[in-house]
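# Structural overview for review
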Amino acid sequence: GRLQQWFVGAEVALSLVLLVGAGLLGRSFEKLTSVDPGFRPEGLMIVRVNLPSTAYPDSTAVRAFLYDAAERVASLPGVTGAAATNGWSFNRSSHSSDYEVEGHPLGPDDHTNAERRAVTPGFFRMAGIPMEQGREFTLEDRVGTAPVIVINAGLARREFGSASPLGRRIRFMGTWRTVVGVAGDVKFQRLSTDDPGTILLTLDTLILGD
């Protein structure tokens, strides 16, 4: 009888824990659904592509496939736009590099770090990411021309305050690059936390180099 009473008490306790857990989960879910991700999720589909090295042995072949695929997908009925990026998934993966703002040299122990993303022209417009200042990338921003970047609003506030960052230069991945645009903040990794500053390059730059 005591053993039976103990089991009943354990079941009640477990039920209470589950009910409390469900309530906390519900509130967390409700909070996350009210978070602005910084992009327009309606009608947006993200597809991960892994290219076999046997069919795409070099960076030129990879670049050609991505641009051709985006163009062909955009031409499909019902599709309003398509673009490519080096990574956009809600997980803990991160691609980051140190940077230096021109006119603000780093000391020997100073480190400034930003998320690194690469996109094709039209990415911001297609994903519904607002351009707060300047412009997004165009087909003219290709390897062999003046290297340019787009930074997110959070990085712009952190490094330039209320001043415009357009035309300023940032050394990123070993090259001085000119800021041509400021994009709205996007939660590339998790909805629950604010992503750090983000610097966006052209996908050509990442694949083919400067």
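To be clear, the structure that these remarks concern was listed above.
First things first, this report covers the structure right here in the doc.

What counts and what doesn't
- Residues numbered from 1 in each chain as written.
- Predicted model: local features only at pLDDT ≥ 70, side-chain atom pairs only at ≥ 80, totals over all residues.
- Heavy atoms only, no water.
- Core = buried A, V, L, I, M, F, W, Y, C linked by side-chain atoms within 4.5 Å.
- Buried < 20%, exposed > 50% of the residue type's maximum accessible area, 1.4 Å probe, protein only.
- Helix = DSSP H or I, 4+ residues; strand = E, 2+ residues; numbered from the N terminus.
- Contact = heavy atoms within 4.5 Å.
- Salt bridge = Lys/Arg side-chain N within 4 Å of Asp/Glu carboxyl O.
- Pairing = 2+ DSSP bridges.

Y99, I149, I151, I170 and I199 are the most contacted members of the largest nonpolar core, which has 15 residues in total. When contributions to this core are tallied by element, the ones reaching two or more residues are β1 (96–101), β4 (148–152), α4 (153–160), β5 (169–172), β6 (175–183) and β7 (198–202). Take this core: its biggest share by element is 4 residues, from α4. With residues up to four places along the chain from it excluded, the contact list for I199 reads Y99, A114, E115, R116, R117, I149, V150, I151, L155, I170 and F172.

To continue, consider the pattern of salt bridges. Per the counting criterion, the structure on display carries 9 salt bridges. Among the ionic pairs, R157 bridges to D185, the shortest N-O distance being 3.1 Å. Residue R157 is found in helix α4, and its partner D185 is found in the loop between β6 and β7; the two are separated by 28 residues along the sequence.

Turning to unusual backbone geometry, a few remarks are in order. In this model, M173 sits at a positive phi of 55°, which is unusual for a non-glycine residue. Here M173 lies in the loop between β5 and β6.

Moving on, we get to the pairing of β7. A regular strand carries its side chains on alternate faces of the sheet. Judged by how many residues are buried, β7 sits mostly within the fold: 5 of 5 residues are covered. Judged from the 5 bridges that link them, strand β2 (residues 113–119) and β7 form a sheet pairing that is parallel. Each bridged residue has a counterpart across the sheet, and for V119 the counterpart in β7 is T202. As paired strands, β4 and β7 are joined by 2 bridges and run antiparallel to one another. Bridge pairing in β7 places V150 opposite L200.

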